[in-house]
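The lines below spell out each chain.
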Amino acid sequence: MRTIETERLLLRPWRREDVEDLYAYAKNPNVGPNAGWKPHESLQESQDILQGWLNEDETKSCTWAIVPKETGHVSGSIALEEDGRRLHVPGCRSMGYVLAQEAWGKGYMTEAAQAVLSYGFQEMGLSLIAIDHYPHNQRSRRVIEKCGFHYEGLLRQGALLYDGTRQDLCCYSMTAEEFQSLQAI
């Protein structure tokens, strides 16, 4: 996994020294629940999550730290992971992301997602990238639509959250051919 540079962002592999930045946004109760995980309760919890990303098998998952060039601090993450619902589809990954609340509304996530789509289709040779969001997460929906994903439908009770509740998922995908068509525009 290489570093991806956009106009305003560096999407780079995580480093051990990023743990304080991770904890700073992951403890915010407005951030994690929108992505389906509980706010981090300690720096140790963030260290444990970070260690998992450092040990990732890139054939199954790639997780980048999102670093706005203007701050130099990690403000979120974006990943391409195995799509658990499409294990039978070769070259398929699922995109997921999270962004610190203070970075919301600046277009960073759309910029990061478009760069990761390009990386996934052009460098990894993926055939399909899927993504979903919870119905209440309209910020994520807007990012997904701006990137050109196609709505597949609502997967009722498709997610079991950290607190034991079930949540519907709004599901989208994009094929390599659809990505190429968007690039030709």
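Everything below is about the structure printed above this text.
Keep in mind the model is a prediction, meaning the values are calculated, not measured.

Basis of the calculations
- Residues numbered from 1 in each chain as written.
- Predicted model: local features only at pLDDT ≥ 70, side-chain atom pairs only at ≥ 80, totals over all residues.
- Heavy atoms only, no water.
- Pairing = 2+ DSSP bridges.
- Helix = DSSP H or I, 4+ residues; strand = E, 2+ residues; numbered from the N terminus.
- Axes fitted to C-alpha atoms, helices over the stretch in contact; angles between N-to-C directions.
- Parallel < 35°, antiparallel > 145°, perpendicular 65-115°, else oblique.
- Left-handed = near helix turned anticlockwise from the far one by under 90°.
- Contact = heavy atoms within 4.5 Å.

Participant: Is there a simple way to explain the sheet that holds strand 3 (residues 61-68) in this structure?
Facilitator: Across a sheet, strands are paired by hydrogen bonds formed along the backbone, either parallel or antiparallel in direction. The eight strands are arranged 1-2-3-4-5-6-8-7 in an open sheet whose pairing can be described as mixed. Two strands in the sheet have a free side with no partner beyond their single neighbour: strand 1 (4-5) and strand 7 (150-160). Pairing between strand 5 (residues 92-99) and strand 6 (residues 128-133): three bridges, direction parallel. Bridge assignment links serine 94 to a residue of strand 6, and that residue is alanine 130.

Participant: Just checking my understanding: could you explain the packing of helix 4 (residues 108-123) against helix 6 (residues 176-184) for this structure?
Facilitator: Think of two packed helices as two axes; the pair is described by the angle between the axes and how far apart they sit. Between helix 4 and helix 6, the shortest axis-to-axis distance is 10 Å and the interhelical angle comes to 120°. With respect to each other, helix 4 and helix 6 are oriented oblique. Relative to helix 6, helix 4 is oriented so that their crossing is left-handed. Of helix 6, the residues touching helix 4 (which contributes Leu117, Ser118, Phe121 and Gln122) are Ala176, Phe179 and Gln180.

These figures come from the coordinates and say nothing about function on their own.
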